[in-house]
Amino acid sequence: MKTLIKNGTVVTATETTRADVLVDDEQVALIGLSLDATADTTIDATGSYVMPGGVDVHTHFDLPFGGSFCSDDFATGTRAAAFGGTTTCVDFAVQDYGEPLRPGLERWFEKGEKAQTDYGLHMIVREVNERTLNEMDRLVDEGITSFKLFMAYPGVFMNDDASIFKAMQRAADSGALILMHAENGGPIDVLFQQYLANGKTEPKYHGVTRPASMEGEAVHRVFKLAELAGCPAYIVHLSSRDALDAVKEARDRGLPAYAETCPQYLFLSDDDMARPGFEGAKFVCSPPLRPKDHQADLWSGLATGDLMAVSTDHAPFNYKGQKDLGVGNFAKIPNGLPSVEDRFTLLFQGVLEGRLSLNRFVDLVATAPAKMMGLSPRKGTIAPGSDADIVVFDPTHERTLSAETHHMNVDYSCYEGLPVKGLPKVVLQRGHVLVENGEWRGREGAGRFIPRTRFAVP
Ligand code: URP
Ligand code: ZN
Ligand code: ZN
């Protein structure tokens, strides 16, 4: 089966070229000018960009969290991702307390059987002990090459510094990458108990009790610990200027220090958490949304390379029936926002606004995260031999983001009413059409688990 994508502009992280792309079976075979190859199917990409399928290395499908489960599972979440131009997600398997890592991983493989796009897995390590340290080595051999640890959520996910340091030493030995949720959970816990005791229970206090200074402090500590252990570290869902300053400081010293941010920190702010009534709950996530003036710093971090990827931290909970567990107590609002479908187009607005070049955009949504997480060169680019995961993107299409039209299984949109330009018109995975002009052509279970290679400096 051959597919020819004709008359488009091929955009990668480094080049923008008027060219045709020939897909043979599941891979890119040829990129060339006016290819006159015979093909079973031809896709006309006139007026469109032909870009690598997006790679979102931070999703939570079917995650049990905060007394509820994320409302997207692998079937609905990956489908929504593909509608939005993302063809590979890396989700987080979770170790349960008292268990080794393996049963948690097996649970996620079971959940992943429904995936409609390709996916990889990170492993969340809740308990660091001899057994789990040994298991980390085996997981790396099986393509689970990154481990998330938490400095926040005491009693739920939080690890102490000694445990973090031991896991980092192990990662240094095995070639794994440590991912960190960097917020100092101790003082945050004290603050939110005090606020609740004083009757300050509305959603906005979720943000007030998780100050940016405690994110900055934690990021600084991550890189000090990682330097001592000799391992690379990657900060997930970086939200603030304080945290970015700590990343820059580590990078300026030449450390393998990396970080992603998420669309919510670029487009939303603490004003959204302070919306009237309980509506702010729609925007409760951790780290929290920051004052608007942090956004310009994050955009410039993306442009300069101090931030090297945009992921979603997609963790959707319905407003009715899930977020409302926290009416009268912000600490009970399940943490997380939906955005797996919106990431690609939202970040593209940064190109239109002159904040990012087109090539940097592709780098941030596909190439850099694929390299960082050991998916390259199979994913994240358009090159002979890479998987034919391709988005034909119409940059002129005008639309309005809304829960009425999105495909995520959640009853609200954080971006309700936001006008955007750009639409993934055709989306292919390994040469198979998943989305064509608004129609779903994929299949539950067609997504494959992609084992990832060990960390290599991107
Ligand atoms: O609020 C968030 N970020 N929820 C998802 C879990 C996490 O910490 O990534
Ligand atoms: Zn986290
Ligand atoms: Zn997350």
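What this report covers is the structure whose coordinates are included nearby. (Residues numbered from 1 in each chain as written. Chains lettered and ligands numbered in written order. Predicted model: local features only at pLDDT ≥ 70, side-chain atom pairs only at ≥ 80, totals over all residues. Heavy atoms only, no water.)

So, the overall build of the protein chain
Going by this rule: The secondary structure listing takes helices from DSSP runs of H or I that are at least 4 residues long and strands from runs of E that are at least 2 residues long, numbered from the N terminus. Only C-alpha atoms enter the radius of gyration, while the globule expectation follows 2.2 Å times N to the 0.38, with N the number of residues. In these tables, accessible area is a Shrake-Rupley quantity obtained with a 1.4 Å probe, and a residue counts as shielded only by the protein chains included in the view. Asp and Glu are treated as the negative residues and Lys and Arg as the positive ones, with His and the ends of the chain left uncounted. Taken as the charge location is NZ of Lys, CZ of Arg, CG of Asp or CD of Glu.
On a plain count of helices and strands, the protein chain comes out with 13 helices and 19 strands. Here the C-alpha atoms of the protein chain give a radius of gyration of 21 Å, agreeing with the 23 Å that 2.2 N^0.38 yields for 458 residues. In terms of its C-alpha atoms, the protein chain occupies a principal-axis envelope of roughly 70 × 50 × 40 Å. Counting only carbon and sulfur atoms, one obtains 49% of the accessible surface of the protein chain, whose full area is about 16200 Å². Mean positive and mean negative side-chain charge positions of the protein chain (45 and 62 charges, respectively) differ by 1 Å.

Side note on the sheet that holds strand 14 (residues 257–261)
How we decide: Strands are labelled as partners when DSSP assigns at least two bridges between them. Residues count as neighbours in contact if any of their non-hydrogen atoms are within 4.5 Å of one another. Axis definition: a line fitted to C-alpha atoms, limited for helices to the stretch in contact. Angles are taken between N-to-C directions and run from 0 to 180 degrees.
The eight strands lie next to each other as 6-9-10-11-12-13-14-15, forming an open sheet whose pairing is parallel. At either end of the open sheet lies a strand with only one pairing partner, and these are strand 6 (54–59) and strand 15 (309–310). Of the pairings in the sheet, the one linking strand 14 to strand 15 comprises two bridges and is parallel in character. Residue pairing for strand 15: Glu 260 is matched across the bridge by Ala 309. Its contacts with the sheet put helix 12 (residues 343–352) on strand 6, strand 9 (86–94) and strand 15, and the angle it makes with strand 6 is roughly 115°.

Comments concerning the side chain of Glu 135
Keep this limit in mind: Three labels apply to residues, based on accessible area from a 1.4 Å probe with only protein chains included: buried if under 20% of the type maximum, exposed if over 50%, partly exposed otherwise in between. Salt bridge, as applied in this entry: a Lys or Arg side-chain nitrogen positioned within 4 Å of an Asp or Glu carboxyl oxygen.
Looking at where Glu 135 falls in the secondary structure, it is placed in helix 3 (residues 130–141). Of the side chains with opposite charge, Arg 138 lies nearest to the buried Glu 135, which makes no salt bridge, at 4.9 Å. In contact with Glu 135, other than residues within four places in its own chain, are Pro 100, Leu 101 and Arg 102.

Some remarks on the site of ligand 1
Condition: Nearness is defined per residue: one heavy atom within 4 Å of the molecule or strand is enough. In protein, a polar contact means a hydrogen-donor-capable atom and an acceptor-capable atom, both N or O and within 3.5 Å, with residues adjacent in sequence counting only if both atoms are side-chain atoms; elsewhere, any N or O pair within 3.5 Å suffices. In this classification, the charged set is Asp, Glu, Lys and Arg, the nonpolar set is Ala, Val, Leu, Ile, Met, Phe, Trp, Tyr, Cys and Pro, and all remaining amino acids, among them Gly, are polar.
The full set close to ligand 1 counts 14 residues, and Lys 148, His 181, Ser 286, Asp 313 and Asn 335 are the nearest of them. Within the side chain of His 237, an N or O atom sits 3.5 Å from an oxygen atom of ligand 1. The contact in question runs from a nitrogen atom of ligand 1 to an N or O atom on the backbone of Ser 286, over 2.8 Å. In the complex, the protein chains occlude 99% of the 270 Å² of accessible area that ligand 1 would expose alone. When grouped by side-chain class, the residues that make up the shell around ligand 1 number five nonpolar, seven polar and two charged.

Quick notes on the coordination of the zinc ion (ligand 2)
Rules: Sites may look incomplete, because water is not among the atoms used; the donor set itself consists of N, O and S atoms within 2.8 Å of the metal (3.2 Å for Na, K and Ca).
For the zinc ion (ligand 2), the full set of protein donor atoms is Lys 148 (NZ), His 181 (ND1) and His 237 (NE2), and the range of their distances to it is 2.1 to 2.2 Å. Binding-site remark: the zinc ion (ligand 2) is held by donors from one chain whose sequence spacing is K-x32-H-x55-H. If you look at the zinc ion (ligand 2) and the zinc ion (ligand 3), they sit 4.0 Å from each other. Linking Lys 148 in strand 11 (residues 146–150) with His 181 in strand 12 (residues 177–181), this pair joins segments that are 33 residues apart in sequence. Accessibility classification places Lys 148 together with His 181 in one group, the buried group.

Notes on the coordination of the zinc ion (ligand 3)
Put simply, the rule reads: The geometry test gives tetrahedral to four donors whose angles all lie between 85 and 135 degrees, gives square planar to four donors and octahedral to six donors whose opposite members are over 155 degrees apart with all other angles between 65 and 115, and gives irregular to the rest.
Within the protein, the zinc ion (ligand 3) binds to His 58 (NE2), His 60 (NE2) and Asp 313 (OD); these donor distances fall in the range 1.9 to 2.1 Å. Around the zinc ion (ligand 3), the four donor atoms are arranged such that angles at the metal cover 88 to 134°; this shape is classified as tetrahedral. Considered as a linear motif, the donors of the zinc ion (ligand 3) on their single chain read H-x1-H-x252-D.

Remarks on helix 1 (residues 74–83)
Within helix 1, eight of the 10 residues are buried, leaving the element largely enclosed by the surrounding structure. On its buried face, helix 1 sits against strand 9, helix 2 (101–112), strand 10 (118–124), strand 17 (419–429), strand 18 (432–436) and strand 19 (439–440). Its side-chain oxygen placed 2.9 Å from the backbone nitrogen of Ala 75, Asp 73 serves as the N-cap of helix 1. Once helix 1 ends, the next one or two residues include Gly 85, with phi positive near 100°.

Quick word on the packing of aromatic side chains
Applied cut-off: Here the aromatic set is Phe, Tyr and Trp, taking the six-membered ring for Trp, and pairing holds for ring centres within 6.5 Å; pairs whose planes are under 30 degrees apart are stacked, those over 60 apart are edge-to-face, and all others are tilted.
This structure, assessed with the given rule, holds 21 aromatic pairs. Ring centres of Phe 65 and Tyr 153 lie 5.3 Å apart, and the angle between their planes is 80°; on these two criteria the pair is classed as edge-to-face. Of the two residues, Phe 65 is situated in strand 7 (residues 64–65) and Tyr 153 in the loop between strand 11 and helix 4 (161–174); the sequence distance between them amounts to 88 residues. Comparing Phe 65 with Tyr 153, the two get one shared label, buried. Centre to centre, the rings of Phe 150 and Phe 157 are 4.4 Å apart; their planes meet at 15°, and the pair counts as stacked. Neither Phe 150 nor Phe 157 differs from the other in exposure class; each is buried.

Here's the deal with the environment of Arg 430
Topologically, Arg 430 is positioned in the loop between strand 17 and strand 18. Along the chain, Arg 430 and Asp 73 lie 357 residues apart, while their C-alpha atoms are 22 Å from each other. If sequence neighbours within four positions are ignored, Arg 430 has contacts with Asp 25, Glu 26, Asp 118, Arg 378, Lys 379, Asp 387, Ala 388, Asp 389, Ala 446, Gly 447 and Arg 448. Within the structure, the side chain of Arg 430 is placed 2.7 Å from the side chain of Asp 118, a separation counted as a polar contact.

With respect to helix 12
In terms of residue burial, helix 12 counts as a mostly covered element, since nine of its 10 residues are buried. Those residues of helix 12 that fall on the buried side of the exposure criterion are Arg 343, Phe 344, Thr 345, Leu 346, Leu 347, Phe 348, Gln 349, Gly 350 and Val 351. Positive backbone phi, approximately 80°, marks Gly 354, located one or two places after helix 12.

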